[in-house]
Amino acid sequence: MYMNLHEECGVFGIISPTAADVANIAYYGLYALQHRGQESCGIVVNDDGVFASHKDLGLVSEVFTAENLSRLPKGNMAVGHVRYGTTGGNSRSNCQPIEVNHQKGRMALAHNGNLSNAAVLRNELELSGAIFHTTSDTETIAYIVTKERLRTPSIEEALSEAMYVLDGAYSLVLMSPQKLICARDPYGFRPLCYGRTQDGMYVAASESCALKAVGAEFVRDLEPGEILVFGPEGIVSRREHCGRKKKRLCIFEYIYFARPDSTIDKISVHEARLRAGRILATEHPVPADIVMGVPDSGLDAALGFSMESGIPYGIGLIKNKYIGRTFISPGQSERLDQVKIKLSAIEESVRGKRVVLIDDSIVRGTTSGRIVKLLREAGAKEIHMRISSPPFLHPCYYGTDIDSEENLIACHHSVSETAQMIGADSLGYLPVSELGVLAGVCGYCSACFDGDYPTPIPADTRKDRFEQKLSTKKRP
């Protein structure tokens, strides 16, 4: 899959025993999480209870210039965020972390995931007088936590109370004047982990690769439902929400979202993708001369396919890594042109050969067809496409940008019909029954493949449901 499916978000937090250049550390942490969101990013620094921030649309390298970073003060805490929005549009107002000033102090909140009951909660808050400044569900979380904070003795207690109301996917990093707090929803949909540097700083991040990037040693993943508090009393783990729900980590973290050098819930992402490739080679064998992956998330599975089948692994597609968000165009015709610019085939690798092409998914089929055409033009004799996930058949309500069945090719066409439509000689998907092999013994969510949703399905699933024009609503 390339350019059709979008990541959700990445969160980062750091707390230091003394004042330090935490903004720079957060910058490098967000850089390591850039694959999780390319729409916008932001950092909030806590300097002895005084918050300073910089947020904007764009990649981390575009938003945080040396000058912008130098304007952020030294401090003992910081939270950061990279965003791809699955609820709310791409506007500066939706940039995170969200900052709140309330009667009992300040708060900065970064969120990865998607609330399945966001619309219901937002409607209740608006009826009680709340005024929203963004269209993301993160502000809904901030409102509920703030509301609970006004009647509870601590920010962690407020967050715990809020978690009884929130439903869906959320991994949170929250900063108050004195504490850095991390929380993972009771289902554990999205990953969250923490580590420690040699000089005593604690770092939390969506993925372990961000810990490595800032020189922190991985300690462990947060458990589903766990609240972890870093503060004056040291580290406190609250587990009142642990075990409240059956664990349902998003299986697509292993297939596509996460970086291969990350480990999630004790499972190596790289190893999971190798296993996917091995399964594909067993389930859908085919005589061929070379196995290649669509960069970047198809490469590990391609290597696994090669190892299992004995067919040589090769590099046949090159990705242009220097195209930023300003290049992105929304239309279908523009999307076709972008594939040709962002990917190119190595003719010497594929000319006259039978190619096994590994990708992580097929959404609409348009991009897959264009990639197959690239290889045909480069002289490939046969192209056998293998997908390291099952067919997408259902929307996702937990942070993956799949919000409608009408554009999912697998909902309307058989495997053989899809192969013909994309121009492949054959097509094979990872069986749904084999998903557990990728995730080891941990529970996982595969609702986008099998329709088994762990929460009630929202009545309104549109990404822009909080951005309707006034003309579409009832006027007073």
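**A look at the sheet that holds strand E1 (residues 9–20)**
As summarised here, the arrangement of the seven strands in space is E3-E2-E4-E1-E10-E9-E11, forming an open sheet in which the pairing is antiparallel. Unpaired on one side and paired on the other, strand E3 (50–57) and strand E11 (217–221) mark the two borders of the sheet. Sheet twist, expressed as the average angle between the axes of neighbouring strands with direction ignored, equals 15°. Both strand E2 (residues 40–47) and strand E4 (residues 75–83) contribute to a ladder of seven bridges, which runs antiparallel. When the sheet's bridge partners are listed, Val45 is paired in E4 with Ala78.

**Overview of the sheet that holds strand E17 (residues 290–293)**
Read across the sheet, four strands follow the order E17-E20-E21-E22 without closing on themselves; strand pairing throughout is parallel. The open sheet has two free edges, formed respectively by E17 and strand E22 (426–429), since each of these has just one partner strand. For this sheet, the mean inter-axis angle between neighbouring strands, taken without regard to orientation, is 20°. The pairing of E17 with strand E20 (residues 354–359) spans four bridges and is classified as parallel. Bridge assignment links Ile290 to a residue of E20, and that residue is Val355. Sitting on the sheet, helix H10 (residues 299–309) is in contact with E17, E20 and strand E21 (382–387), with an inclination near 160° to E17.

**Details of helix H5 (residues 137–149)**
An α-helical turn contains 3.6 residues, so any two residues separated by three or four positions project in the same direction. In this model H5 runs 19 Å from its N-terminal to its C-terminal C-alpha over 13 residues, within 8% of the 18 Å that 1.5 Å per residue would give. Burial analysis of H5 places 11 of its 13 residues in the buried class, the great majority of the element. Within the sequence span of H5, burial applies to Asp137, Thr138, Glu139, Thr140, Ile141, Ala142, Ile144, Val145, Thr146, Glu148 and Arg149. As for H5, its buried residues are in contact with strand E5 (98–102), strand E6 (105–115), helix H4 (118–127), helix H6 (155–163) and strand E7 (168–175).

**Some details on the side chain of Arg238**
By the secondary structure assignment, Arg238 is in strand E13 (residues 234–238). Among the polar contacts made by the side chain of Arg238, one reaches the side chain of Glu240 at a distance of 2.8 Å. With sequence-adjacent residues up to four places away left out, Arg238 is seen in contact with Glu156, Glu157, Ser160, Gly225, Glu226 and Ile227.

**So, empty space enclosed by the protein**
Summed over all chains, the structure comprises three cavities of 30 Å³ or more. Size it by volume and the second largest cavity reaches roughly 90 Å³. Lining the second largest cavity are Phe189, Arg190, Cys250, Ile251, Phe252, Cys396, Tyr398, Thr400, Cys445, Ser446, Ala447 and Cys448. A per-class count over the lining of the second largest cavity returns nine nonpolar, two polar and one charged.

**A look at the packing of aromatic side chains**
Tallying each qualifying case throughout the model produces 16 aromatic pairs. Both rings, one in Phe252 and one in Tyr256, keep their centres 5.8 Å apart while their planes meet at 45°; by these two values the pair is tilted. Here the residue Phe252 and the residue Tyr256 both occupy positions in helix H8 (residues 252–257), the gap between them amounting to four residues, near one helical turn. The burial state of Phe252 is the same as that of Tyr256; both residues are buried. A centroid spacing of 5.2 Å and a plane angle of 40° characterise the contact between Tyr397 and Tyr453, whose relative ring orientation is tilted. Of this pair, Tyr397 sits in the loop between E21 and helix H14 (415–422) while Tyr453 sits in the segment after helix H16 (447–450), and the two are 56 residues apart along the sequence. Per residue, the accessibility class of Tyr397 equals that of Tyr453, and both read buried. Each member of the aromatic cluster is reached from another via a ring pair, and the members are Phe252, Tyr256, Phe257, Phe392 and Phe449. The ring of Phe51 carries Arg106 above its face, with NZ or CZ at 5.9 Å from the centroid. Taking the ring centre of Phe132 as reference, the NZ or CZ of Arg122 above it sits at 4.1 Å.

**Structural notes on the pattern of salt bridges**
The tally for this structure, following the rule as stated, stands at 25 salt bridges. Between Arg36 and Glu253 there is a salt bridge, with its nearest N and O atoms 2.9 Å apart. Within this pair, whereas Arg36 is found in the loop between helix H1 (22–32) and E2, its partner Glu253 is found in helix H8, the two being separated by 217 residues in sequence. Assessed through its relative accessible area of 0%, Glu253 is described here as buried. One salt bridge connects Arg376 with Asp425, and the closest N-O pair in it is separated by 2.8 Å. One end of the pair, Arg376, is in helix H13 (residues 366–377); the other, Asp425, is in the loop between H14 and E22, with 49 residues separating them in the sequence. Assessed through its relative accessible area of 30%, Arg376 is described here as partly exposed. The exposure class assigned to Asp425 is partly exposed, which follows from its relative accessible area of 42%.

**Description of H10**
Taken as a whole, H10 has its buried residues at Asp300, Ala301, Ala302, Gly304, Phe305 and Ser306. Here the buried face of H10 lies against helix H9 (269–283), E17, E20 and E21. Just downstream of H10 lies Gly310, where phi reads positive at about 85°.

**What to know about unusual backbone geometry**
With an omega of 5°, the peptide bond running from Gln96 to Pro97 counts as cis. Tracing the chain through its elements places Pro97 in the loop between E4 and E5. In this model, Pro295 is joined to Asp296 through a cis peptide bond whose omega is 0°. One can find Asp296 in the loop between E17 and H10. Here Asp265, not a glycine, exhibits a phi torsion of approximately 50°, which is positive. With respect to the secondary-structure elements, Asp265 resides in the loop between strand E15 (263–264) and strand E16 (267–268).

What counts as what
Chains are numbered independently. Their residues run from 1 in the order of the written sequence. Selection of residues for local features in this predicted model requires a pLDDT of at least 70, selection of side-chain atom pairs for listing and counting requires 80 or more, and totals for whole chains, interfaces and linings are taken over all residues. To get the side-chain values, all heavy atoms of the structure are used, and hydrogens and water are removed first. Here, strands pair whenever DSSP counts at least two bridges between them. Per the convention used, a helix needs a DSSP run of H or I reaching at least four residues, while a strand needs a run of E reaching at least two, with both numbered from the N terminus. Axis definition: a line fit to C-alpha positions, over the contact stretch in the case of helices; interaxial angles, taken between N-to-C directions, run 0 to 180 degrees. Contacts are assigned to residue pairs with any non-hydrogen atoms lying within 4.5 Å of each other. Each helix should span, by expectation, one fewer than its residue count multiplied by 1.5 Å. Residue burial is assigned from relative accessible area. The probe radius is 1.4 Å, only protein chains are included, and a residue is buried under 20% of its type maximum, exposed over 50%, and partly exposed in between. Side-chain atoms alone can form a polar contact between residues adjacent in sequence; in general such a contact is a pair of N or O atoms within 3.5 Å, and within protein one must be able to donate a hydrogen while the other accepts it. Throughout, the protein atoms alone are placed on a 1 Å grid, and a set of points is a cavity if a 1.4 Å probe fits but cannot get out or a pocket if it is open with protein on both sides within 12 Å along at least five of seven lines; lining residues have an atom within 4 Å of a point. Grid points are joined across faces, edges and corners, and a volume is the space filled by probe spheres set on the points. Three residue categories are used. Nonpolar comprises Ala, Val, Leu, Ile, Met, Phe, Trp, Tyr, Cys and Pro, charged comprises Asp, Glu, Lys and Arg, and polar comprises the others, including Gly. A pair of aromatic rings is counted whenever rings of Phe, Tyr or Trp (Trp by its six-membered ring) have centres within 6.5 Å, and the orientation is called stacked for planes under 30 degrees apart, edge-to-face for over 60 and tilted otherwise. Comment: the charge-over-ring label is applied if NZ (Lys) or CZ (Arg) is within 6 Å of the ring centre and within 35 degrees of the ring normal. Definition used for salt bridges: Asp or Glu carboxyl oxygen within 4 Å of a side-chain nitrogen of Lys or Arg.

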